[in-house]
Amino acid sequence: MTPKEMALAAAKALDEKKGIGVSAIKVTDLTSLADYFVFATGNSNTQINALCGSVEKALDEQGVHVLRREGYRDGTWVLLDYGDIVVHVFNAEAREFYSLERLWSDGVPVDLSGVLTED
């Protein structure tokens with residue numbers, strides 16, 4: 001899978017579990033950390049863990065395995081590092097506080113219109 005395909009698959013998995021505000025940014029030209037950042041918000045620790053599990057399952061099925069997980073214990077911000085993409089799943093307060101989309105606003109927003117369902 002290409003990094004973009006991984007980001008799209010992660011976004012779709014987040015959307016399927018009713019992640020809020022699912023978005024992705026291409027950061028290839030801004031950092032060596034990853035090519036894409038994918039973001040979503042969950043309403044509770046349980047939903048945040050379900051969102052992360054959904055991403056892991058979707059990417060595992062494509063032969064892509066998480067390299068590192070951070071933040072499962074406190075449940076306010078979970079990071080899934082896949083090397084080429086990093087998935088950030090927050091509760092609403094943490095997402096607003098850290099405002100990573102603003103921090104990385106020089107990145108290129110990824111069009112997810114063909115991936116996300118419309119409510």
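First things first, this report covers the structure right here in the doc. (Residues numbered from 1 in each chain as written. Predicted model: local features only at pLDDT ≥ 70, side-chain atom pairs only at ≥ 80, totals over all residues. Heavy atoms only, no water.)

Regarding the overall build of the chain
- The helix and strand tally for the chain stands at four helices and six strands.
- Secondary structure elements in the chain, listed N-terminal to C-terminal, are α-β-β-α-β-β-β-α-α-β.
- Its C-alpha atoms give the chain principal-axis dimensions of roughly 35 × 30 × 30 Å.
- Relative to its 119 residues, the chain shows a buried fraction of 46%.
- Put simply, of all contacts in the chain between residues at least 6 apart along the chain, 61% involve residues at least 24 apart.
- When the accessible surface of the chain is totalled, it reaches about 6700 Å², and 48% of it is carbon and sulfur.
- Across the chain, the 11 positively charged side chains and the 19 negatively charged ones have centroids separated by 3 Å. (Helix = DSSP H or I, 4+ residues; strand = E, 2+ residues; numbered from the N terminus. Buried < 20%, exposed > 50% of the residue type's maximum accessible area, 1.4 Å probe, protein only. Contact = heavy atoms within 4.5 Å. Areas by Shrake-Rupley, 256 points an atom, 1.4 Å probe, with all protein chains shown as cover. Lys, Arg positive; Asp, Glu negative; His and termini not counted. Charge placed at Lys NZ, Arg CZ, Asp CG, Glu CD.)

Here's the deal with the nonpolar core
- Ranked by internal contacts, the top residues of the largest apolar core, which has 28 residues, are Leu 14, Val 55, Tyr 82, Ile 85 and Val 87.
- Elements represented by at least two residues in this core include exactly helix H1 (3-16), strand E1 (20-26), strand E2 (36-41), helix H2 (45-60), strand E4 (77-81) and strand E5 (85-90).
- Here the element with the most residues in this core is H1; it accounts for seven residues.
- Setting aside anything within four residues of it in sequence, one finds Tyr 82 in contact with Met 6, Val 55, Glu 56, Leu 59, Val 64, His 65, Val 66 and Leu 67.
- In this structure, Val 27, Ala 34, Phe 90 and Leu 100 belong to the second largest nonpolar core, which totals 11 residues. (Core = buried A, V, L, I, M, F, W, Y, C linked by side-chain atoms within 4.5 Å.)

Details of the side chain of Asn 91
- On the secondary structure map, Asn 91 appears in the loop between E5 and helix H3 (92-98).
- When its relative accessible area of 14% is taken as the criterion, Asn 91 is described as buried.
- For Asn 91, the side chain forms a polar contact with the main-chain nitrogen of Glu 93, separated by 3.3 Å.
- With near-sequence residues (within four places) excluded, Asn 91 lies in contact with Thr 41, Gly 42, Ile 48 and Thr 76. (Polar contact = N/O pair within 3.5 Å; in protein donor to acceptor, adjacent residues only side chain to side chain.)

Thoughts on the packing of aromatic side chains
- Applying the stated criterion to the full structure yields five aromatic pairs.
- With centroids separated by 6.4 Å and ring planes inclined at 75°, the aromatic side chains of Phe 37 and Phe 39 adopt a geometry described as edge-to-face. Taken individually, Phe 37 and Phe 39 each receive the classification buried, so the pair is uniform in this respect.
- Aromatic side chains Phe 97 and Tyr 98 sit 5.0 Å apart centroid to centroid with 90° between the ring planes, which places their arrangement in the edge-to-face category.
- An aromatic cluster is defined as three or more aromatic residues linked by ring pairs; in this entry it consists of Trp 77, Phe 90, Phe 97 and Tyr 98. (Phe/Tyr/Trp six-rings, centres within 6.5 Å; stacked < 30°, edge-to-face > 60°.)

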